[in-house]
Amino acid sequence: MLQTPPAQPHESDVREPPGLAASASDPRGLRRYTPVAAGGLLLIAAFALQTQLYTGQVRMVTTIFTFVGLAAAWNLIGGFAGYACFGQVGFFGLGGYATAVMMTHGHVSFWLALPLSALLAGAFAALVGWPLLRLKGHYFAVATLGVAEGLREIVLNLPELTGGGAGISIPSMGADAVTPWFGNDGFYVLFLLLAALVVAISGWLSVTRGGYALRAIHQDEDAAAAVGINTTRVKTLAFAGSAALTAALGAAYAFQQITIFPERLFDVHITVLMVVMVVLGGAGTVAGPVVGAVFVAYVSEWLREQLPESHAFALGGLIVVAVILLPQGFTSYLQEARKTRRFSLLDNVRRYRL
Amino acid sequence: MSQFLQATLYGLLQGCMLGLVATGFSLVWGVMHVVNLSHGAFVLIGAYVALTLHQALGLDPFVGMLPAALVLFALGYGLQRGLVNLVINAPIFITLLLTFGLELLFVNALMVLFSADYRSIPTGYAERSLVLPLDVRLPIGRLIAALASVAITVGMGYLMRRTRTGLTILATGMDRGAARLMGISARHTYALTFGVAAALAGAAGAAVGAVSTFSPADAGRFTLFSFVAAVLGGLGNTSGALLGGLLLGLAESWGGQLLPGTLINAVAFGMLVLVLAIRPQGLVGKAYYASRVEV
């Protein structure tokens, strides 16, 4: 019953990005800017979309932008470096609570609280990442999960500062408000810009030395260290960056919600949704998390409307089917299928089967 | 003093049960490198099977451990053979996501079938307690549950080392390629492992149902307990899981006396992270699983 070893799932990582490869053969060197132009067009389209939506839809699309940002941020550590961080929601909650506490108790402006929260989460991630990033595979996943749950318990047990289980409300109106609330349209723009920032960072990273270092670590950490990559530093930086971006989104989310609760801001389902989005879209790619996040967030919201009783049931079934049929993610599947002309999803199932 | 002894006793009894919950989880992780996020749901399915049998036939929940184990064995074997084996060689996110999807399915199915209310299986004797010297109380139900858990866990450890099937499972866990060359069917062995793990969870669930209340929403809590106990004890090691469960039970009941609120949970997670950072192979485990070769 011996089978050939399964094909490496991240073959595409070792190739040069299409942009750089093209610039050699293409004298104008314009093709390397195609992704940038596509991203810019998408951004303009997203701004144009806002004028066509009514209020309920604006909120839904804002949720989708939030998840695009979260998925792209998780992709930095989970997709590029291949470290399955299952505690990402801890940074989301940390950012949200840091902002809420700063705005409520310190009367700090939102525009100052957001970068400070991101810095705080980044520093925290660097601190815990230094010992934990020595762990591999499941051990890292479980350890980060433990960190997130521990953070939630700490927030829950500091009622003077965080309001505990009863939640904390950011003053958003009247004389108390340090920064007035932005309204649905304001948050649409804020989350759109944050998501665009995260995607742009991951796009930039994917063609820099640091991005190659992360992919090398993903493929074989010992070999990466052998060619001179300071793996500890690269991993810790990626982890801290991913945490800081996640915390920035958490900060914006907290202000959008006004009142936040530990149960919601440290909900492990948010981590799982991030992972589902990245895996289904294509881990370690720039476009994958965006595609996955738009699809999964839309389907999840749609299910919530159509099946209020059993949407979690449907979501579970969807995850199971999608994971079996598209284990390498949609964008990677499309890339390989176009190259090999084999579009059968059954080939996918055969790939990782025992 | 009496309060401290009471907390210690309670923690030990609770720890034995957590050990049984964690044993199956640890087995699956150690042998197949699959972190089964639906393990807590298996525990609850076991509890609801025992509840249904109690309501329909008046079966005692401790007797109900056996049918619960059988039902869960069939479910686990089928799941591994039909689903998990399909992605067993995929990167770790995939199996994590798959079992998480299964957890969502099971928990919601339980909510639809039995509602989200807290239930318990009344027995008439489990509530009574023996009074020991120094006014320490020993609840009979928890005593039976703890003794049964220890017996099953120790028995499992014996069977794993002494029977052909057990050795097959261990061998496949150590080196799947070599095991296949010896004529072992890895698909069947993996399914068997998952079935046994689910059966242990089911038996634990029936015992949990007899001594405490439960609801479908508890699934995540049981999975997390299994995580902590399995990591503390070292993976794929039945006596390790029992030890991890005892440590966790003691930490919880002592911490409940000393710390305010739910801060004890933070301590448990801190312990988990610390053990992982310092001694990832667990307190009594050996780190040989990491070096195996995939074929």
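Quantities reported herein were computed from a predicted structural model and do not represent experimental measurements.

Student: Give me the lowdown on the overall build of chain B, citing residues and values where you can.
Tutor: On a plain count of helices and strands, chain B comes out with 11 helices and 2 strands. Against the 2.2 N^0.38 benchmark of 19 Å for 295 residues, chain B shows a C-alpha radius of gyration of 19 Å, consistent with a compact globule. Referenced to the eigenvectors of the C-alpha coordinate spread, the extents of chain B come out at roughly 60 × 45 × 35 Å. With 295 residues in all, chain B has 57% of them scored as buried. Within chain B, residue pairs in contact and separated by at least 24 positions form 79% of the contacts whose partners lie at least 6 positions apart.

Student: For the overall build of chain A, give the residues involved together with the corresponding values.
Tutor: Helix and strand counts for chain A come out as 17 helices and 2 strands. Its C-alpha atoms give chain A principal-axis dimensions of about 65 × 50 × 50 Å. Within chain A, buried positions represent 49% of all 354 residues. The long-range share in chain A, meaning contacts at least 24 apart out of those at least 6 apart in sequence, stands at 76%.

Student: Residues and numbers for helix α14 (residues 287-306) of chain A, please.
Tutor: All names here are of chain A. Taking 1.5 Å as the rise per residue, α14 with 20 residues should run 28 Å; its terminal C-alpha atoms sit 28 Å apart, in good agreement. Of the residues making up α14, those classed as buried are A287, G288, P289, V290, V291, G292, A293, V296, A297 and S300. The secondary structure elements touched by the buried residues of α14 are α3 (55-80), α8 (183-206), α13 (268-281), α15 (311-325) and α16 (330-340).

Student: I'd like to hear about the packing of helix α4 (residues 88-105) of chain A against helix α5 (residues 110-132) of chain A, residue by residue, with values.
Tutor: Residue and element names in this part refer to chain A. Between α4 and α5, the least distance of the axes is 9 Å, while the angle of their chain directions is 140 degrees. Between α4 and α5, the angle is such that the two are oblique. Helix-helix and strand crossings are classified by hand; for α4 and α5 the assignment is right-handed. Together, F91, L94, G95, A98, T99, M102 and M103 of α4 and F110, A113, L114, L116, S117, A118, L120, A121, F124 and A125 of α5 make up the contact between the two elements. Class assignment for the residues of the contact of α4 with α5 results in 14 nonpolar, 3 polar and no charged.

Student: Just give me the short version of the packing of helix α9 (residues 209-219) of chain A against helix α11 (residues 231-257) of chain A, but keep the residues and values in it.
Tutor: Geometry of a packed helix pair, given as the angle between the helix axes and the separation of the axes. All names here are of chain A. One way to put it is that α9 packs onto α11 with a least axis distance of 10 Å and a crossing angle of 105 degrees. Taken together, the axes of α9 and α11 lie roughly perpendicular to each other. Of the residues in α11, those in contact with G210, A213, L214 and I217 of α9 are T231, V234, K235 and A238. Among the residues forming the contact of α9 with α11, the class breakdown is 5 nonpolar, 2 polar and 1 charged.

Student: Could you give me a rundown of the interface of chain A and chain B, with the residues and numbers involved?
Tutor: With 41 residues of chain A in contact, the opposing surface of chain B contributes 42 residues. Residue assignment for the side of chain A that touches chain B shows that the elements contributing at least two residues are α5, α6 (137-156), α13 and α15 of chain A. Of the residues assigned to the side of chain A that touches chain B, the class counts are 30 nonpolar, 8 polar and 3 charged.

Student: I'd love a proper account of the confidence of the model for chain A, names of residues and values included.
Tutor: When the pLDDT values of chain A are averaged, the result is 84; 92% of them are 70 or greater. In the model of chain A, helix α1 (residues 18-25) of chain A stands out as the element of lowest mean pLDDT, 46, in contrast to α11 of chain A, which has the highest, 94.

Student: Which residues make up the pairing of strand β1 (residues 129-132) of chain B, and what values do they have?
Tutor: All names here are of chain B. Bridge count for β1 against strand β2 (residues 136-139) is 4 bridges, and the pairing is antiparallel. Bridging across to β2, L130 finds its partner in L138. Taking the residues that link successive antiparallel strands as the turn, the β1-β2 hairpin has 3 residues, and the phi of L134 there is positive, at about 65 degrees.

Student: Would you mind going over the environment of T236 of chain A in detail, with residue names and values included?
Tutor: All names here are of chain A. Its location among the elements puts T236 in helix α11. In this structure the C-alpha to C-alpha distance between T236 and A126, which are 110 residues apart in sequence, comes to 5.7 Å. Among residues more than four places away in sequence, those in contact with T236 are A126, G129, W130 and L133.

Student: So, unusual backbone geometry: which residues are in play, and what are the values?
Tutor: Backbone phi values are negative for most residues with the exception of glycine, while trans is the configuration of most peptide bonds. All names here are of chain B. Here the phi dihedral of H33 falls at roughly 60 degrees; this positive angle occurs in a residue that is not glycine. Along the chain, H33 falls in the loop between α1 (2-32) and α2 (39-57). The class for H33 is buried, based on 21 C-beta atoms found within 10 Å.

Student: Can you break down the environment of G11 of chain B residue by residue, with the values?
Tutor: Residue and element names in this part refer to chain B. Mapping G11 onto the fold places it in helix α1. Taking C-alpha positions, G11 is 7.3 Å from L246, a pair spaced 235 residues apart along the chain. With residues near it in sequence (within four places) discarded, G11 still touches G249, L250, E252, S253 and W254.

Student: Account for α8 of chain A, with residues named and values stated.
Tutor: Residue and element names in this part refer to chain A. For α8, spanning 24 residues, the distance from its first C-alpha to its last is 35 Å, which sits close to the expected 34 Å at 1.5 Å a residue. Considered for burial, the residues of α8 that qualify are F187, Y188, L190, F191, L192, L194, A195, V198, V199, S202, L205 and S206. Packed against the buried residues of α8 are α2 (34-50), α3, α9, α11 and α14.

Student: Can you explain the nonpolar core? Please cite residues and give values.
Tutor: Residue and element names in this part refer to chain B. Membership of the largest hydrophobic core comes to 220 residues, with the highest contact counts inside it found for L72, L97, A203 and A207. Sorting elements by how many residues they give to this core places helix α8 (residues 186-211) first, with 17 residues. Apart from the residues lying within four places of it in its own chain, the contact partners of A203 are L20, G46, M65, A68, A69 and I152.

Reading guide: rules and limits
- Residue positions are given per chain, counting from 1 as you read along its sequence in written order.
- By the order in which they are written, chains take letters starting at A while ligands take numbers starting at 1.
- The predicted nature of this model means local features are confined to residues of pLDDT at least 70 and side-chain atom pairs, given and counted, to a pLDDT of 80 or more, with totals for whole chains, interfaces and linings taken over all residues.
- Each helix is a run of H or I in the DSSP string that is no shorter than four residues. Each strand is a run of E no shorter than two, and both are numbered from the N terminus.
- Our radius of gyration is a C-alpha quantity, and the globule rule it is checked against amounts to 2.2 Å times the number of residues to the power 0.38.
- Partly exposed residues are those whose C-beta has more than 12 but fewer than 20 other C-beta atoms within 10 Å; with 20 or more the residue is buried, with 12 or fewer it is exposed, and the C-beta atoms are placed from the backbone.
- Here, residues touch in the contact sense if the C-beta positions derived from the backbone fall within 7 Å of one another.
- Expected span of a helix: the number of residues minus one, times 1.5 Å.
- The convention used is that axes are lines fitted to C-alpha atoms, helices contributing only their stretch in contact, and that angles between N-to-C directions extend from 0 to 180 degrees.
- In this scheme, roughly parallel covers angles under 35 degrees and roughly antiparallel covers those over 145, while 65 to 115 is roughly perpendicular and the rest are oblique.
- If you view the pair so one helix is near and one far, a crossing is left-handed when the near helix is turned anticlockwise from the far one by less than a right angle, and right-handed when it is turned clockwise.
- Charged residues are taken to be Asp, Glu, Lys and Arg, nonpolar residues to be Ala, Val, Leu, Ile, Met, Phe, Trp, Tyr, Cys and Pro, and polar residues to be all remaining types, Gly included.
- What pLDDT expresses is the predictor's confidence in each residue, scored from 0 to 100.
- Pairing between two strands is assigned when DSSP locates at least 2 bridges connecting them.
- To form a nonpolar core, buried Ala, Val, Leu, Ile, Met, Phe, Trp, Tyr and Cys residues must be joined through C-beta atoms within 7 Å.

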